[in-house]
Amino acid sequence: SMQGGVNISVAGGLSFGVAYLLDGAMHNNPQDNANLPMPFPDALQEFSVATSGLSAQNGMHSGASVNAVTKSGTNNLHGNAFEFLRDKRFNATEFFAAVGPNGKKLDDGLRRNQYGATLGGPVVQNRLFFFGAYQGTATRQRPSSNISRVPTAAMMAGDFTAFTSPACNGGRQLALRAPFVNNQINPALFSPAAVNLAKRLPTTTDACGETQYSASNDSDEWQIVGRSDYQMKANQSLFGRYMATSFVSPAPYATTQNVLATRIAGLDNLAQSAVAGHTLVLGSNVVNSLRVTYNRTSIHRGNPPFFDPHDLGSNVYSYSPDEMVLAVVGGFTVGAGTATRGIFATNASQVSDDLTVVRGDHQIGIGGSLAYWTFDYLTNARSGGDWNFGGSLLGSGMAEFLMGRVTRMEHSGPGTLPMDQWSLGMYVQDAWRVTPRTTVNAGLRWEPYFGQNVLNGAISNFSMENYERNVTSTVFLNAPAGLIYPGDPGFPEGLSGQNKQWTNFSPRVGLAWDVNGDGRTAVRSSYGLAYDFQTAEYHGINATAPPFGNRTLIEDPTGLFDDPYRQFGGDPHPIITNANTEFIPYGSFGAIDPGINSPRVQSWNVTFEQQFGADWGASISYLGSHSDRLWNEVALNPGVFLGAGPCTLQGVSYGVCTTNANLNQRRELSLAGENPTAALRIGSLDLHTDVGVQDYRGLKLSVRRRTVSGVSVNGNYTWSRCFGDFTTGGFPQISSGYTNPQDPSFDRGYCDQDRRHLGVVTVGYQTPTFSSAALKTLASDWRVSGILSARSGVPLNVIAGGDRAFSGITAQRPQRVLDDSYAADRTIAQYLNPAAFAQPALGTLGDFPRNGVRGPGYWDVNVALSRIVGLGSSRNLELRLEIFNLLNNFNWGNPIVNLTSGTFGRIQTQAGAPRIMQFGVKFGF
């Protein structure tokens with residue numbers, strides 16, 4: 001379903017808003033949408049129009065400019081009530097659904113009711129109007145298609161021979177490393193904490209440890225919209241609108257008590273929006289629009305209590321009792337960073353004004369906006385430790401788990417991130433009708449960037465010069481040299497850690513040319529430059545660094561799962577932040593480059609449109625963009641590979657110089673020896689910088705047939721390519737940036753959002769009105785619409801699953817062995833060929849390109865059948881049937897891409913839903 005407000009801007013100047021709330025029908029098809037009664041049926045019927053050389057011939061126009069002032073409702077009362085139903089009895093079963101005792105796949109128990117009503121009309125005739133709407137959605141679902149692997153009885157007895165066999169590992173035989181002998185071990189050597197956790201997992205009789213389980217997908221949603229419009233004078237109007245949306249979904253663990261379900265959080269979310277506007281029409285050529293808006297979101301997530309490290313016998317403090325995050329590669333997951341207790345609240349206010357003036361052949365727009373938002377963030381993603389058993393140490397994540405060999409553990413206090421930001425934007429734009437056949441649009445926007453202020457000061461810069469000269473912070477007295485905090489000399493003004501950017505100017509230019517002057521052939525082209533900024537969550541890595549969360553990162557601790565801090569003299573948590581807080585040894589830091597720039601994108605396109613006959617039109621478009629100054633992390637203190645021979649580091653002798661366990665002693669700052677005291681307190685140190693670039697090129701072909709004899713057709717196909725550097729997204733993790741800090745281009749590859757082929761075809765048909773009474777009753781005015789959607793697979797990044805370079809940086813890739821990375825048959829059980837990859841040599845990075853394989857493609861067909869039955873002159877009843885994925889095409893999900901996983905290359909999920917039917921009824925008046 002869709003809800004919200006439409007805000008249309010004409011030539012960058014005038015804007016007008018319309019509140020809307022659409023029910024749960026299929027809104028992807030423009031023809032389909034047109035057949036739905038709008039809950040606000042007369043919202044757009046009254047216009048005050050000023051034109052600048054409007055030219056419309058045969059349905060196409062060149063450079064038209066329209067100023068429109070709208071009001072809601074009319075002097076008549078309008079409304080509707082609707083109900084849409086989905087039920088398991090009418091749906092197909094998901095491919096990976098568990099098999100029940102009767103040998104049949106279990107259905108998902110789906111029951112979904114979507115219902116609501118709208119009402120709009122006059123309060124005072126010709127003056128004051130109102131509109132209100134409510135929609136509720138109740139969903140109950142129990143999918144059983146979740147697949148994990150857990151320890152079997154044989155593994156708990158120390159026998160891993162079945163688990164490591166080719167039958168359980170895509171044809172590969174695993175050989176577990178010492179202390180395993182012939183893939184067997186004395187279970188007395190197992191970690192007590194791991195055994196304690198294993199007892200809390202579901203049991204299985206599958207030799208590979210596979211288990212399927214249900215995780216409820218229940219939710220209750222409601223949405224309300226209220227709007228009022230007041231026509232003060234003929235040329236002056238006011239409106240106000242309020243909207244609220246609630247989404248509540250209980251955590252699956254609350255009902256299943258299956259600890260595997262803790263990877264999915266419960267949610268209690270509320271979003272609210274309020275807007276007031278004033279529109280003034282000053283004659284036929286001038287319109288001014290003033291808007292004041294306020295938006296708020298409040299997100300609460302979490303799980304019922306289950307257990308934390310102390311409950312299992314692990315000597316690790318938890319800031320959030322009774323929860324933790326643990327992942328076993330090729331096995332199971334307990335909790336997730338996105339399923340821990342968290343609260344996220346955003347408040348945003350904005351005032352904007354747009355003035356549009358038409359003078360001769362020019363339509364000039366001038367305007368500006370001022371916005372202020374605050375963000376409060378609290379997450380416990382690492383409060384009980386984020387434990388990873390990756391499989392690179394012993395050859396299997398499951399073996400490492402039971403032995404307590406932790407590949408990596410991240411631990412910190414709660415991430416607390418209170419922020420605010422001011423945004424200012426001003427623009428001027430002109431739509432100039434150069435000739436009757438040519439229109440040029442040109443404009444310039446000024447949008448300075450002031451940075452995002454971290455109000456608790458949890459933001460830092462790092463100065464290598466200060467580090468080398470042993471210059472320390474005056475704010476946190478025990479901070480290692482080089483780190484600079486708000487209030488320290490050299491820190492930029494404010495609390496953002498960035499220099500303000502006053503010169504963000506965005507030029508835009510466009511051309512529309514009616515080639516022959518008959519409206520049948522048109523050429524359009526445009527170019528624009530725009531700026532952006534990161535989401536607030538981006539700074540979460542800084543919010544948990546010492547001394548705020550004292551985030552630690554430990555690899556392969558000698559104390560194992562049971563006592564990972566043993567080699568450091570004990571767990572340093574909990575901590576209290578103040579000026580005298582002690583910085584823990586080898587803490588993990590994120591620092592922002594004060595000269596970092598706003599990300600920006602330059603976009604351009606050229607389109608050629610041609611009308612054929614009276615009903616057909618086609619277009620071909622070239623689309624391009626260049627994005628640069630993209631943010632990512634560059635490791636300033638990675639580990640250094642020192643070979644496999646013996647060595648002495650910081651007075652300690654190592655029989656093997658390079659191991660995961662001595663990562664911190666091998667870091668660049670530790671080895672440099674320029675400031676050994678400071679080096680003892682700096683582990684991973686990631687610099688947020690802006691060196692990333694991405695390029696997109698696309699060719700889009702479109703064809704359309706206007707509705708004639710009840711038939712309409714619209715289709716488009718896009719062939720495109722996006723290539724460049726990767727970005728960490730909205731929430732970067734520790735040591736997750738460029739795998740080669742000296743050469744970020746080493747990670748260049750296809751963009752995560754790259755889709756080589758995209759195609760959509762929509763068809764609509766309405767049966768005629770028959771004269772025969774019987775046919776008129778049974779067959780007249782039925783509306784059928786269908787959508788065929790198809791797209792190629794997403795790029796996938798195959799990872800080696802271990803730190804072969806011993807740098808401490810994650811997501812390293814394997815070595816290419818074969819040119820063809822896919823299995824010969826590309827089956828569900830084996831989509832990728834494990835033999836095409838190998839682990840890189842120790843101390844090196846694999847040469848397989850980032851995003852070097854693609855997942856399976858996707859296609860489905862959705863259809864809708866509806867009819868509106870008149871019940872008098874002002875009432876009607878709409879009956880509707882919708883079928884999603886009509887042909888029940890099984891769209892494969894993406895394969896497992898971690899090379900150390902026993903399920904590497906295997907597909908375990910279904911992309912999209914199986915066939916689902918939906919029935920709807922709507923009464924309107």
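Refer to the preceding data block for the structure.
Because the structure is predicted, anything quoted here is derived from the model rather than measured.

Asker: Please set out a nonpolar patch on the surface residue by residue, giving values where relevant.
Answerer: A cluster of nonpolar side chains, contributed by Phe608, Ile620, Leu699, Leu701, Tyr717 and Trp719, occupies part of the molecular surface with about 520 Å² of accessible area. Those elements that place two or more of their residues in the nonpolar patch are β36 (682–708) and β37 (711–724). Relative to the assigned elements, Phe608 resides in strand β32 (residues 600–612).

Asker: Break down the state of the cysteines for me, with residues and values.
Answerer: Using the criterion set out here, one finds three disulfides in the structure. The residue that forms a disulfide with Cys722 is Cys751, at a sulfur-sulfur distance of 2.1 Å. With the S-S dihedral at roughly -70°, the linkage between Cys722 and Cys751 falls on the left-handed side. A residue pair is termed long-range when its members are at least 10 positions apart, and Cys722 in strand β37 and Cys751 in the loop between β38 (749–750) and β39 (757–766) qualify at 29 residues. Cys722 sits in the buried class, given a relative accessible area of 6%. Accessibility expressed as a relative area gives 2% for Cys751, which makes it buried. When the cysteines engaged in disulfides are numbered in sequence order, the chain pairs them as 1-2, 3-4, 5-6.

Asker: Hey, could you go over the environment of Glu537 for me, with residue numbers and the actual values?
Answerer: Inspection of the secondary structure puts Glu537 in the loop between β29 (521–531) and α8 (540–543). The exposure class assigned to Glu537 is partly exposed, which follows from its relative accessible area of 29%. Expressed as a C-alpha distance, the spacing of Glu537 and Tyr377, which sit 160 residues apart in the sequence, is 7.9 Å.

Asker: Requested: an account of the layout of surface pockets, with residues and values cited.
Answerer: What the second largest pocket holds in volume is close to 740 Å³. Here the residues of the lining of the second largest pocket sort into 13 nonpolar, 14 polar and six charged.

Asker: I'd like a rundown of unusual backbone geometry, residues and numbers included.
Answerer: Geometrically, the link from Pro546 to Pro547 is a cis peptide bond, its omega value of 5° lying close to zero. Structurally, Pro547 can be placed in the loop between α8 and β30 (552–554). For the peptide bond that leads from His573 to Pro574, omega is 5°, which places it in the cis range. With respect to the element layout, Pro574 can be found in the loop between β30 and β31 (587–592).

Asker: Run through empty space enclosed by the protein, naming residues and quoting values.
Answerer: Under the definition given, this model contains seven cavities of 30 Å³ or more. Lining the second largest cavity are Arg149, Phe163, Asn169, Leu174, Val329, Gly330, Ser396, Gly397, Met398, Thr900, Ser901 and Gly902. Residues belonging to the lining of the second largest cavity are distributed by class as follows: four nonpolar, seven polar and one charged.

Asker: Describe the nonpolar core, listing the residues and the values that go with them.
Answerer: Phe160, Leu197, Leu326, Phe332, Trp387, Phe401 and Phe561 are the most contacted members of the largest nonpolar core, which totals 40 residues. Counting residues per element, the ones that place at least two in this core are α3 (192–198), β16 (325–328), β20 (386–389) and α6 (397–403). Once you skip the residues sitting within four places of it in the chain, Leu326 turns out to touch Leu197, Phe332, Thr333, Val334, Trp387, Phe389 and Phe561. In this structure, Phe344, Trp373, Leu417 and Phe476 belong to the second largest nonpolar core, which totals 34 residues.

Rules behind the numbers
- Residues numbered from 1 in each chain as written.
- Predicted model: local features only at pLDDT ≥ 70, side-chain atom pairs only at ≥ 80, totals over all residues.
- Heavy atoms only, no water.
- Patch = residues over 30% accessible without salt bridge, like charges linked within 9 Å, V, L, I, M, F, W, Y side chains within 5 Å.
- Areas by Shrake-Rupley, 256 points an atom, 1.4 Å probe, with all protein chains shown as cover.
- Salt bridge = Lys/Arg side-chain N within 4 Å of Asp/Glu carboxyl O.
- Helix = DSSP H or I, 4+ residues; strand = E, 2+ residues; numbered from the N terminus.
- Disulfide = S-S within 2.5 Å.
- Buried < 20%, exposed > 50% of the residue type's maximum accessible area, 1.4 Å probe, protein only.
- 1 Å grid on protein atoms, 1.4 Å probe; cavity = no way out; pocket = protein on both sides within 12 Å on 5 of 7 lines; lining within 4 Å.
- Points joined across faces, edges and corners; volume = space filled by probe spheres on them.
- Nonpolar A, V, L, I, M, F, W, Y, C, P; charged D, E, K, R; others polar.
- Core = buried A, V, L, I, M, F, W, Y, C linked by side-chain atoms within 4.5 Å.
- Contact = heavy atoms within 4.5 Å.

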